[in-house]
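What follows is each chain in one-letter form.
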Amino acid sequence: MKLPDETTGAAVTTTTVLETENFSFAYGANEVLKNITLQLHQHKISAFIGPSGCGKSTLLRCFNRINDLIDIARITGGSIRYRGVDTAHPDLDVIALRRRIGMVFQKYNPFPKSVFDNASYGLRIGGMKEGQDLKDAVEQGLRDASLWDEVKDRLEDNALGLSGGQQQRLCIARTLAVKPDVVLMDEPCSALDPIATAKVEETILQLKERYTIVIVTHNMEQARRISDTTAYFYLGRLIETGPTIDTFHQPKHEETMRYLTGEIG
């Protein structure tokens, strides 16, 4: 089964990129997501907030089926669709799905290789050979991650010699180099200092012009600063979702207000 919009072209007509309908998910007997119905739209930054253990990171990992790697993980109801395609369809190419829906993790995790090898990793795995095309794609990925000017003279240096913030942006570049449609970010700034966090946030804001971004964050000010929409989760349920300004200033549910005021968390 082919995924839609395989070339990230402008011909896409729907603005709904990811959607869940009554989606439930469990690890063994522990149901961690319950009847989640949610739509995420093209070229928007959507923030997932909520207390630890509320299911927001689990849902993020369901979007590109990384949870498939956990033996006891299972869908217990409902569906997730990527541009109208059921991501659990038995004929779906999961590797292709993960190329279209990239992931940046909480702890920056560059390989103990050169900056260039890190940025080109996904491209090489995808079959791109050494040459100018590879160099150009690496440069574009690093530019997209606002890192090129800082590392263009250090491409052969070990990536582990970069600062923490640079390493995280290198991981973003590695994800972007394969030209995904969606970028999932699981607390990408939690291990960074305020200066590095500001740089990553600036990068994320620039990226939404070309990508759909979903970010899990415990930093409510970060959600307020960079997201277009915010979804609040509690005990495996989606309590409310809407424009970020409304969620923070006029929440519809008491549970959301209690979280935002620090009573829950």
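For the structure, check the block above.
Structural notes, computed from the coordinates. Computed from a predicted model, the values in this text were never measured in an experiment. (Residues numbered from 1 in each chain as written. Predicted model: local features only at pLDDT ≥ 70, side-chain atom pairs only at ≥ 80, totals over all residues. Heavy atoms only, no water.)

## Observations concerning the pattern of salt bridges
(1) Moving on: Applying the stated criterion to the full structure yields 16 salt bridges.
(2) Moving on: A salt bridge links Arg81 to Glu21; the nearest nitrogen and oxygen atoms lie 3.3 Å apart. In this pair, Arg81 sits in strand E4 (residues 73–82) while Glu21 sits in strand E1 (residues 16–27), placing the two residues 60 residues apart along the sequence.
(3) Moving on: The closest approach of N and O atoms between Glu201 and Arg225, which form a salt bridge, is 2.7 Å. Here Glu201, found in helix H7 (residues 194–207), pairs with Arg225, found in helix H8 (residues 220–226); they are 24 residues apart in sequence, far enough to count as distant.
(4) Moving on: Judged by relative accessible area, which is 7%, Glu201 ranks as buried.
(5) Moving on: Through salt bridges that share partners, Glu19, Glu21 and Arg81 make up one connected network. (Salt bridge = Lys/Arg side-chain N within 4 Å of Asp/Glu carboxyl O. Helix = DSSP H or I, 4+ residues; strand = E, 2+ residues; numbered from the N terminus. Buried < 20%, exposed > 50% of the residue type's maximum accessible area, 1.4 Å probe, protein only.)

## Describing the sheet that holds strand E7 (residues 182–186)
(1) Moving on: Taken in spatial order, the 6 strands make up an open sheet running E6-E7-E8-E3-E9-E10, and their pairing is mixed. Looking at strand neighbours, the two that pair on one side only are strand E6 (101–104) and strand E10 (237–243), the edges of this open sheet. Shown here is a sheet whose adjacent strand axes are inclined to one another by a mean of 20 degrees, direction ignored.
(2) Moving on: Here 4 bridges tie E6 to E7, and the two strands are oriented parallel to one another. Opposite Met103, over in E7, you have Leu184 as the bridge partner.
(3) Moving on: Taken strand by strand, helix H1 (residues 56–63) contacts strand E3 (45–49), E6, E7, strand E8 (212–216) and strand E9 (229–234), and its axis lies near 150 degrees from that of E7. (Pairing = 2+ DSSP bridges. Axes fitted to C-alpha atoms, helices over the stretch in contact; angles between N-to-C directions. Contact = heavy atoms within 4.5 Å.)

## Considering the layout of surface pockets
(1) Moving on: Estimates place the volume of the largest pocket at around 620 Å³.
(2) Moving on: Looking at the largest pocket, it is lined by 19 residues, and the ones nearest its centre are Arg98, Met103, Tyr121, Gly122 and Thr175.
(3) Moving on: Looking at the lining of the largest pocket, the elements that each hand over two or more residues are helix H2 (94–100), E6, helix H3 (115–125) and helix H6 (164–176).
(4) Moving on: A class-by-class count of the residues in the lining of the largest pocket yields 11 nonpolar, 5 polar and 3 charged. (1 Å grid on protein atoms, 1.4 Å probe; cavity = no way out; pocket = protein on both sides within 12 Å on 5 of 7 lines; lining within 4 Å. Points joined across faces, edges and corners; volume = space filled by probe spheres on them. Nonpolar A, V, L, I, M, F, W, Y, C, P; charged D, E, K, R; others polar.)

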